Amino acid sequence: MPSLPVLVLPLLGSLVLASPEQALERAGIVGGHEAPGNRWPWQVSLRAHLGYWQHFCGGSLIHPQWVLTAAHCVGPGVMYPEEIRVQLREQHLYYQDRLLPVHRVIMHPDYYIIGNGADIALLELEDPVNMSAHVQLVTLPPASETFPTGTPCWVTGWGYVSDGTPLPPPFPLKQVKVPIVENSICNMQYHLGVNTGDGVQIVREDMLCAGNSKKDSCQGDSGGPLVCKVRGAWLQAGVVSWGEGCAHPNRPGIYTRVTYYLDWIRQYVPEEP
């Protein structure tokens, strides 16, 4: 994911299509593997027109007309809706695109730079999406959910497979199971080797940490969902936000904590579709 203070990096420097069936290396999201086609039906790809509609961030479908993503994907200068398209759950990028137009981009008003919190944004689609077996909503957690250490959580996306190495064709959706790291421990780890005073809180209460030296999200995964299985249900715990490199040995990935921003989300997104 983006290193502080670096913002969004495009997934691909150039687009070279190959058949999805072609035998190519399928190393993915750091330490992960290709997601089964029937998993993560809420995953979306955000596209910007850079000669073609290129993937630049992930997101999740939380309502038939609303996508949740990271503020740094669409800011700090808010992108115009016409600059963005949304692709619903797709196994391989670019092969079966059906890009949806965006009606409105809403960035949290407290966001201004990555790493300082409020890294959350909403996209309102022009038209509601029809639900199917292939496309489903992710469930937002109750405000009381804390996602303690040991909660089984997964992060998904089409991001880099390591620092500076983009996902190779045919660009399959990747998944990796990541361990939750308690905030106080994560904050302590981010202080190691830096001159920031111990009294400065790097990992804030609106953040959630997950990952280790072998499993992490990376550039291009920004804005995508961190989901955790709680009492048999998949809940979106976090939004891919930032970190120092990808799969750093002492720097877990940092996610925007969804429960912290439920009230803000509900200002725009109805609880019942």
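Residues numbered from 1 in each chain as written. Predicted model: local features only at pLDDT ≥ 70, side-chain atom pairs only at ≥ 80, totals over all residues. Heavy atoms only, no water.

Where an unreviewed UniProt entry is consulted, the protein appears under the name tryptase, with the organism given as Ursus americanus. In its Catalytic activity (unreviewed entry) section, UniProt records this for the protein: "Preferential cleavage: Arg-|-Xaa, Lys-|-Xaa, but with more restricted specificity than trypsin." UniProt, in the comment section headed Subunit (unreviewed entry), describes the protein in these words: "Homotetramer." (UniProt positions renumbered as here; feature names shortened; annotations may be inferred.)

Attention now moves to the nonpolar core. Nonpolar side chains in soluble globular proteins generally cluster together in the buried interior. Ile62, Leu68, Val86, Leu123 and Ile265 are the most contacted members of the largest nonpolar core, which totals 63 residues. Of the domains in this structure, domain 1 (43-136) and domain 2 (138-258) are the two that each give at least three residues to this core. Val86 has contacts with Val44, Ser45, Leu46, Val67, Arg98, Leu99, Leu100, Val102, Leu123 and Leu125, leaving out every residue within four places of it along the chain. Listed in part, the 16 residues of the second largest apolar core include Val155, Val178, Ile180 and Tyr255. (Core = buried A, V, L, I, M, F, W, Y, C linked by side-chain atoms within 4.5 Å. Buried < 20%, exposed > 50% of the residue type's maximum accessible area, 1.4 Å probe, protein only. Domains from an automatic or database assignment. Contact = heavy atoms within 4.5 Å.)

So, on to the layout of surface pockets. Reported here for the largest pocket is a volume of approximately 340 Å³. Lining the largest pocket are 17 residues, with Gln87, Arg89, Gln96, Arg98 and His134 sitting closest to its centre. Here the residues of the lining of the largest pocket sort into 6 nonpolar, 8 polar and 3 charged. (1 Å grid on protein atoms, 1.4 Å probe; cavity = no way out; pocket = protein on both sides within 12 Å on 5 of 7 lines; lining within 4 Å. Points joined across faces, edges and corners; volume = space filled by probe spheres on them. Nonpolar A, V, L, I, M, F, W, Y, C, P; charged D, E, K, R; others polar.)

Taken as a whole, helix H2 (residues 183-191) has its buried residues at Asn183, Cys186, Asn187, Gln189, Tyr190 and His191. Buried residues along H2 sit in contact with strand S10 (180-181), strand S11 (207-210), strand S13 (233-242) and strand S14 (253-257). Just downstream of H2 lies Gly193, where phi reads positive at about 80°. (Helix = DSSP H or I, 4+ residues; strand = E, 2+ residues; numbered from the N terminus.)

Spatially, the 8 strands line up as an open sheet ordered S1-S9-S8-S12-S13-S14-S11-S10, and their pairing is antiparallel. One side of each edge strand has no neighbouring strand; the edge strands of this open sheet are strand S1 (33-34) and S10. Relative to S14, S11 runs antiparallel, the two sharing 4 bridges. The partner of Ala210 across the bridge, within S14, is Gly253. (Pairing = 2+ DSSP bridges.)

This paragraph deals with the pattern of salt bridges. A complete count under the given rule lists 5 salt bridges for this structure. With its nearest N and O atoms 3.0 Å apart, the salt bridge here joins Glu90 to Arg47. One end of the pair, Glu90, is in the loop between strand S5 (84-87) and strand S6 (100-107); the other, Arg47, is in strand S2 (residues 43-49), and 43 residues separate them in sequence. Of the two residues, Glu90 and Arg47, both sit in the buried class. Of the charged contacts in the structure, one is a salt bridge between Arg231 and Glu145, with a shortest N-O distance of 3.1 Å. You can see Arg231 sitting in the loop between strand S12 (225-230) and S13 and its partner Glu145 sitting in the loop between strand S7 (121-125) and strand S8 (153-157), a full 86 residues away along the chain. A single salt-bridge network, built from bridges that share partners, covers Arg47, Glu90 and Asp97. (Salt bridge = Lys/Arg side-chain N within 4 Å of Asp/Glu carboxyl O.)

A separate point is the state of the cysteines. Applying the stated criterion to the full structure yields 4 disulfides. Sulfur-sulfur distance for the disulfide between Cys57 and Cys73 comes to 2.0 Å. Since a negative S-S torsion denotes a left-handed disulfide, the Cys57-Cys73 link at about -85° is left-handed. One end of the pair, Cys57, is in strand S3 (residues 53-63); the other, Cys73, is in helix H1 (residues 71-74), with 16 residues separating them in the sequence. The two residues Cys57 and Cys73 agree in class, both being buried. Sulfur-sulfur distance for the disulfide between Cys218 and Cys246 comes to 2.0 Å. Taking the torsion about the sulfur-sulfur bond, which here is approximately 85°, the covalent link between Cys218 and Cys246 counts as right-handed. Separated by 28 residues along the polypeptide, Cys218 in the loop between S11 and S12 and Cys246 in the loop between S13 and S14 bring together distant segments of the chain. Cysteine pairing for the protein, with bonded cysteines counted in sequence order: 1-2, 3-7, 4-5, 6-8. (Disulfide = S-S within 2.5 Å.)

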